[in-house]
Amino acid sequence: QVQIVESGGGLVQPGGSLRLSCAASGSMFSIVAMGWYRQAQGKERESVALISSYGTSTVADSVKGRFTISRDNAKDTVYLQMNSLKAEDTAVYYCHVIVQLRGGYWGQGTQVTVSS
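Residue indices follow the written sequence of each chain, beginning from 1 at its first position. Reporting of local features is limited, given that this is a predicted model, to residues whose pLDDT is at least 70; pairs of side-chain atoms are given and counted only at 80 or more, and all residues count toward the totals for whole chains, interfaces and linings. Hydrogen atoms and water are omitted, and side-chain values are computed over all heavy atoms in the structure.

## Section: the environment of G16
- Working definition: helices are DSSP H or I runs of at least four residues, strands are E runs of at least two. Numbering for both runs from the N terminus. Mapped onto the fold, G16 is located in the loop between β2 (10–12) and β3 (18–26).
- Sequence spacing of G16 and N83 is 67 residues, and the spatial spacing of their C-alpha atoms is 6.1 Å.
- Residue contacts for G16: discarding those within four places in its chain leaves M82, N83, S84 and L85. Note on definitions: a residue-residue contact is assigned when non-hydrogen atoms from the two residues lie within 4.5 Å.

Here it is as structure tokens:
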């Protein structure tokens, strides 16, 4: 079984920063890719940023230049550094991990609220 634990969400003022972390653990093969998705109230879940085991990353146009994804392969952990946060970034952020031969796993989600 694979466990996904997210942390780092919270309440921040517009223009502020937050750093999300997601750690994968358990009985698993190599991690192929890790990523962050978000779902705002009343909207569909959308991709925010993805990073492969080789370090290749992509970020959504809506957060480009503000959000940075990185990972620590030794710790099976992925990070999302979020700067210059806006009210429209308010959402539940979910970590998604793709494990070789096992498929994808979701974290429980962490709330990010941007408000003054």
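## Let's talk about the packing of aromatic side chains
- A pair of aromatic rings is counted whenever rings of Phe, Tyr or Trp (Trp by its six-membered ring) have centres within 6.5 Å, and the orientation is called stacked for planes under 30 degrees apart, edge-to-face for over 60 and tilted otherwise. One pass over the structure, following the stated rule, counts two aromatic pairs.
- With a centroid separation of 5.0 Å and an interplanar angle of 70 degrees, the aromatic rings of Y37 and W106 are classed as edge-to-face. Taken together, the residues span a long stretch of sequence, with Y37 in strand β4 (residues 31–39) and W106 in strand β10 (residues 103–106) at a distance of 69 residues.
- When the ring of Y94 is compared with that of W106, the centres are 6.4 Å apart and the planes differ by 90 degrees; the resulting orientation is edge-to-face. Remark: W106 occurs in strand β10 and Y94 occurs in strand β9 (residues 91–99); sequence separation between them is twelve residues.
- To sort residues, take the accessible area from a 1.4 Å probe on protein chains only and compare it with the maximum for the residue type: under 20% means buried, over 50% means exposed, and anything in between is partly exposed. Taking relative accessible area as the criterion, Y94 reaches 15% and is therefore assigned buried.

## A look at the state of the cysteines
- Note on terminology: pairs of cysteine sulfur atoms within 2.5 Å are recorded as disulfides. What the rule picks out here adds up to one disulfide.
- One disulfide bridge connects C22 with C95, the sulfur atoms lying 2.0 Å from each other. Taking the sign of the S-S torsion, -75 degrees for the link of C22 and C95, the bridge is left-handed. Of the two residues, C22 is situated in strand β3 and C95 in strand β9; the sequence distance between them amounts to 73 residues.

## Some words on the pairing of β9
- Across the nine residues of β9, seven count as buried, placing the element largely inside the fold.
- Judged from the eight bridges that link them, β4 and β9 form a sheet pairing that is antiparallel. When the bridges of β9 are listed, W36 appears paired with C95.
- With three bridges joining them, β9 and strand β11 (residues 110–114) adopt antiparallel strand pairing. If DSSP finds at least two bridges between two strands, the strands pair.

## Structural notes on the pattern of salt bridges
- By definition here, a salt bridge exists when the distance from a side-chain nitrogen of Lys or Arg to a carboxyl oxygen of Asp or Glu is within 4 Å. Using the criterion set out here, one finds four salt bridges in the structure.
- Put simply, R38 and D89 hold a salt bridge, and the shortest N to O gap is 3.0 Å. On the criterion of sequence distance, the pair formed by R38 in strand β4 and D89 in the loop between β8 (77–82) and β9 is long-range, its members being 51 residues apart.
- With a closest N to O distance of 3.1 Å, K64 and D61 form a salt bridge. Judged on exposure class, the residue K64 and its partner D61 are both exposed.
- Overlapping salt bridges bring together R38, E46, R66 and D89 as one network.

## Side note on the pairing of strand β7 (residues 67–72)
- Going residue by residue along β7, you find F67, I69 and R71 tucked away on one face and T68, S70 and D72 left uncovered on the opposite face.
- Where β7 meets β8, six bridges bridge the pair, whose relative direction is antiparallel. Paired with T68 across the strands is Q81, a residue of β8.
- Where β7 folds back on β8, the antiparallel hairpin that results is connected by four residues, among which D76 adopts a positive phi of roughly 50 degrees.

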